[in-house]
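Here are the chains, one letter per residue:
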Amino acid sequence: QLHKKLFIITIMSAFLKPCQFLAKHGLVRQQVKLFSVSARRFEGETVGFIGLGNMGRGMADNLVSKGHSVVLYDVVPEAVSALTAKGARGAASPAEVAAESDLIVTMLPNNAIVSNVYEGQDGIFSSVKSGAFLIDSSTVDPALSKDLAVKAAAAGCQFVDAPVSGGINAAAAGTLTFMVGANSDQEFAKAEMLLSKMGAKITHCGGVGTGGAVKICNNMLLAVSMIGTSEAMNLGIKLGLDPKLLAGILGSATGRCWSVDTYNPCPGVMENVPSSNDYKGGFGTALMTKDLGLAQDAATRAQAATPLGSLSHQIYRVMCNAGYAEKDFSSAFKFLREQDK
């Protein structure tokens, strides 16, 4: 019997040493996660979801449809009713969501609303369970995320920031990209389990706040590329080109970008995008303007030169003042067309 035990120990040691070498060099991290993370489920745990706007609605719907016990809150009762009809439960306040939930996802428009939902009189921190896991997918100032993480720890909770990218179609399809700021690999792993029900790519960017930092960089670039695509499409049409032909060529040429081949701003070029629906739905111009403001604030603090980001911010601010605030940010194309008149 002793010989058998020694033989087993020898075999395990021989297997363990190369695994330790590979893990040290980051070569088996994903495989380890496969066994230690994805095999687990949130069985018996309730997921709270706060914020059922254009993006949050699809995200929450994926959680409900994939069998999670979900309790919801939104300031628009109809948004809650649409998902309670599919099996979720509604709540009267963020505090009620927190009292019933083991994990909470928030998807909200701006710093002020996020702060109020977490710290307000009927906010999450007023009734959150000790040990709860909090995920904020809003796009906010990274400094706010860091502050909320400190307050969550004081309440016995864990907090990560996990902004998203991909748009409303990806939110509905469950194929979003999540940029996660988590203070440990263990916290990221727990966030990843839930986020994988709503997204296709989940990346650990660093500590809390780094997810938001990546997101504001992404959205600054997105704004620049959307304005550039709008200018190119407008110029091509003015030169007599068919917009679908132009978009098709740009989509396979060096000017290709997401604004060209996935979310084209010219009406009629693509189906199922806001530009072909009078710029309704999608990602609002006011929200893009807010994100560009966050990027400019961060650039000022970091002393980073962002001339195109600054100009894009100015253009989107003018668009808001011209009545485009509630339209999708791809309405930059329509705005430019109107400037030609």
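Residues numbered from 1 in each chain as written. Predicted model: local features only at pLDDT ≥ 70, side-chain atom pairs only at ≥ 80, totals over all residues. Heavy atoms only, no water.

Draft legend 1. Molecular detail of the overall build of the chain. Within the chain, the regular secondary structure consists of 15 helices and 9 strands. Residues classed as buried in the chain amount to 45% of the 341 residues present. Pairs at least 24 residues apart make up 65% of the contacts formed inside the chain by residues separated by at least 6 positions. Total accessible area computed for the chain in this model is approximately 16,700 Å², and 58% of it derives from carbon and sulfur atoms. (Helix = DSSP H or I, 4+ residues; strand = E, 2+ residues; numbered from the N terminus. Buried < 20%, exposed > 50% of the residue type's maximum accessible area, 1.4 Å probe, protein only. Contact = heavy atoms within 4.5 Å. Areas by Shrake-Rupley, 256 points an atom, 1.4 Å probe, with all protein chains shown as cover.)

Draft legend 2. How the structure looks around the environment of R317. Among the structural elements, R317 can be located in helix α14 (residues 307-324). Between the C-alpha atom of R317 and that of K290, which follows or precedes it by 27 residues, the distance is 9.1 Å.

Draft legend 3. The packing of helix α13 (residues 285-302) against α14, seen in detail. The contact between α13 and α14 brings their axes to 9 Å, and the two run at 150°. Our classification of the angle between α13 and α14 gives roughly antiparallel. α14 is crossed by α13, and the crossing has left-handed handedness. For the pair α13 and α14, the contacting residues are T285, A286, M288, T289, L292, G293 and Q296 in the first and G309, S310, S312, H313, Y316, R317, M319, C320 and Y324 in the second. Its residues assigned to classes, the contact of α13 with α14 comprises 7 nonpolar, 8 polar and 1 charged. (Axes fitted to C-alpha atoms, helices over the stretch in contact; angles between N-to-C directions. Parallel < 35°, antiparallel > 145°, perpendicular 65-115°, else oblique. Left-handed = near helix turned anticlockwise from the far one by under 90°. Nonpolar A, V, L, I, M, F, W, Y, C, P; charged D, E, K, R; others polar.)

Draft legend 4. How the structure looks around the pairing of strand β6 (residues 158-161). Bridging between strand β5 (residues 133-136) and β6 involves 4 bridges; their strand directions are parallel. Within β6, the position partnered with L134 by the bridge is F159. (Pairing = 2+ DSSP bridges.)

Draft legend 5. The packing of helix α10 (residues 210-238) against helix α15 (residues 332-339), seen in detail. The interhelical angle for the contact between α10 and α15, taken along N-to-C directions, is 45°, at an axis separation of 9 Å. The orientation of α10 with respect to α15, classified from their angle, is oblique. Crossing geometry of α10 relative to α15 is assigned as right-handed. Where α10 approaches α15, its residues I227, S230, E231, M233, N234, I237 and K238 are matched on the opposing element by A332, F333, L336 and R337. The residue makeup of the contact of α10 with α15, split by class, is 6 nonpolar, 2 polar and 3 charged.

Draft legend 6. Focus on the pairing of β5. Residues F133 and I135 point to one face of β5 and L134 and D136 to the other, with burial holding for every one of them. Of the strand pairs in this sheet, strand β4 (residues 103-106) and β5 are connected by 4 bridges, and their pairing is parallel. If you follow V105 over to β5, its bridge partner there is I135. The handedness of the β5 to β6 crossover, carried by helix α7 (residues 142-154), is right-handed. (Right-handed = clockwise from strand over helix to strand, strands pointing away.)

Draft legend 7. How the structure looks around the environment of S225. Here S225 shows up in helix α10. Sequence-wise, S225 and G255 are 30 residues apart; in three dimensions their C-alpha atoms are separated by 9.7 Å. Looking at S225, its side chain comes within polar contact range of the side chain of S259, at 3.3 Å. (Polar contact = N/O pair within 3.5 Å; in protein donor to acceptor, adjacent residues only side chain to side chain.)

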